[in-house]
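Below, each chain spelled out in residue letters.
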Amino acid sequence: MWDTATFAIRNSFIHLMLIFKKVADLRQWLTTQTKPIGFAPTMGALHEGHLELIRMAKRDGCIAVASIFVNPTQFNDIRDLEKYPRTAEKDIELLLTTHCDALFMPAVEEVYPPGLNLTIELDFKQLDKVMEGEFRPGHFKGMATVVNRLLEIVQPDKLYMGQKDFQQLSIVRDMIRQLALPVELVMCPTVREPDGLAMSSRNVRLSPEMRAAAPIIHETLQWAKTALKKNHSAAEIKAEALRRLSNAGLQPEYFELVNGVTLETIQSKDDFLFNENTGNSGSIVACTAVFAGDIRLIDNII
Ligand code: AMP
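Residues numbered from 1 in each chain as written. Predicted model: local features only at pLDDT ≥ 70, side-chain atom pairs only at ≥ 80, totals over all residues. Heavy atoms only, no water.

## Some words on the site of the ligand
Counted only if it meets this: To be near a molecule or strand, a residue needs just one of its heavy atoms within 4 Å of it. N or O atoms closer than or at 3.5 Å make up a polar contact, with two conditions inside protein: a donor-capable atom paired with an acceptor-capable one, and, for residues adjacent in sequence, both atoms drawn from side chains. Exposure was quantified through the Shrake-Rupley algorithm and a 1.4 Å probe, taking into account, for residues, occlusion by the shown protein chains and nothing else. Helical segments are the DSSP runs of H or I of at least four residues, strand segments are the runs of E of at least two, and each set is numbered from the N terminus. Charged means Asp, Glu, Lys or Arg here, nonpolar means Ala, Val, Leu, Ile, Met, Phe, Trp, Tyr, Cys or Pro, and polar covers whatever is left, Gly included.
Residues in close proximity to the ligand total 17 residues, the closest being Met-43, His-50, Asp-165, Val-191 and Met-199. Within the backbone of Met-43, one N or O atom sits 2.9 Å away from an oxygen atom of the ligand. One nitrogen or oxygen atom from the main chain of Gly-162 is found 3.0 Å from an oxygen atom belonging to the ligand. Considering the ligand on its own, with 490 Å² of exposed area, one finds that the protein chains cover 92% of that surface. Every element with two or more residues in the shell around the ligand is listed here: strand E3 (37-42), helix H2 (48-59) and strand E6 (158-162). At 3 residues, H2 tops the list of elements feeding residues into the shell around the ligand. Partitioning the shell around the ligand into residue classes produces 8 nonpolar, 7 polar and 2 charged.

Have a look at this one:
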């Protein structure tokens, strides 16, 4: 096992994190663990948002396992895949600060062995068709496929994912339900920069001008929340939000107010009152995607 697993040691005090590249090695190690396993899948280029998932797993008393895998099947644009930042050494340093126990960094063939079709073909109803689903065709099928495959490999007790990708989380929740997977999904609140911009691996690619404009995204979401509380209609809020984002020099793709479980668009605040018959969750989520120059950013508020 040790030839394919590496120790990473943090200088001042010793913290060991095993790094696995092979499924078999990771599995062998996992079977020797007695505490619950908490798992946070990532695509690397880590920031505080990712690290908080690991810290949460540790706070919950779990053995924390992170993965870094830039999943080719969820990119609909090959240039986006090629441009995706890869910062493995820095990522390892950052993970060590969280006391992460193990990191899985597989090659593509480990995750998708040649000759096997692991594609997830579930019906997510409207969950994967609206918002991101509309603008990034095929993205969620690729995402569900890799999350399912990683769950099969790691077999965690708890899966930690960020609210930042609310639609992704909703689809994973539905996949867990449909496949009756024995894992608890834990949502980690969005970690933000001091000016409110949601942390994202893409933020470093923003031009100074666009970085300065980007906090308007969170401000607009907060404004929408207040406006909804004041009983403004969803249509009014959406129109004004799009106007605010555009006025700040961003190009919004969508701004939607949706039911927190079904992701159906809502018309007014009354739509979210808990209703046993309709299955309304009691939560509304405002979700948006904008282009800041050529960088696409998403954010939401519950
Ligand atoms: P990614 O590497 O972008 O695929 O993200 C991996 C995980 O980190 C996903 O569950 C994301 O929702 C989560 N994540 C990314 N950014 C943030 C953030 N700013 N706050 C909380 N979680 C985040």
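Don't stop here, the text continues.
## Some thoughts on the nonpolar core
Note the cut-off: Within this scheme, the nonpolar core is defined by two criteria: the residues are buried Ala, Val, Leu, Ile, Met, Phe, Trp, Tyr or Cys, and they are joined through side-chain atoms within 4.5 Å. Categorising residues by exposure relies on relative accessible area from a 1.4 Å probe, with only protein chains included: less than 20% of the type maximum marks a residue as buried, more than 50% marks it as exposed, and the intermediate range marks it as partly exposed.
If you look at the biggest cluster of nonpolar residues, it comprises 45 residues, and the most contacted ones within it are Leu-26, Trp-29, Val-65, Val-147, Val-154, Leu-159 and Val-172. If you tally residues by element for this core, the top one is helix H7 (residues 139-154), at 9 residues. Judged by nonpolar contacts, the second largest core, of 26 residues, contains Leu-221, Ala-224, Ile-237 and Phe-255.

## Re the domain arrangement of the protein chain
Heads up, the rule is: All domain edges in this entry derive from an automatic or database-based domain assignment. Contacts are assigned to residue pairs with any non-hydrogen atoms lying within 4.5 Å of each other. A simple way to read buried area is as the amount of 1.4 Å-probe accessible surface that goes missing from two parts once joined, with both sides added. What makes a salt bridge here is a side-chain nitrogen of Lys or Arg within 4 Å of a carboxyl oxygen of Asp or Glu, nothing more.
For the protein chain, the domain assignment lists domain 1 (4-188) and domain 2 (201-301). The distance between the C-alpha centroids of domain 1 and domain 2 comes to 26 Å. Taken together, the contact pairs 22 residues of domain 1 with 19 residues of domain 2. For the pair domain 1 and domain 2, the summed buried surface comes to about 1,700 Å²; carbon and sulfur atoms form 54% of the total. A per-residue breakdown of the area domain 1 buries against domain 2 is headed by Met-131, Phe-135 and Phe-166, which together make up 33% of the total. Taken together, the links from domain 1 to domain 2 amount to 1 salt bridge. Arg-296 is the salt-bridge partner of Glu-132, the closest N and O atoms lying 2.8 Å from each other. Connecting domain 1 to domain 2 are 6 residue pairs in polar contact (both at pLDDT 80 or more). Going through the elements one at a time, helix H3 (78-83), helix H6 (132-135) and helix H8 (166-179) are the ones with two or more residues in the side of domain 1 that touches domain 2.

## A short note on unusual backbone geometry
The backbone of Gln-155 sits at a positive phi, close to 50°, despite the residue not being glycine. For Gln-155, the location among the structural elements is in the loop between H7 and E6. Of the residues examined, Gln-155 reaches a relative accessible area of 48% and is grouped as partly exposed. The residue Asn-231 is not glycine, and still its phi comes out positive at about 70°. By secondary structure assignment, the location of Asn-231 is in the loop between helix H10 (216-229) and helix H11 (234-247).

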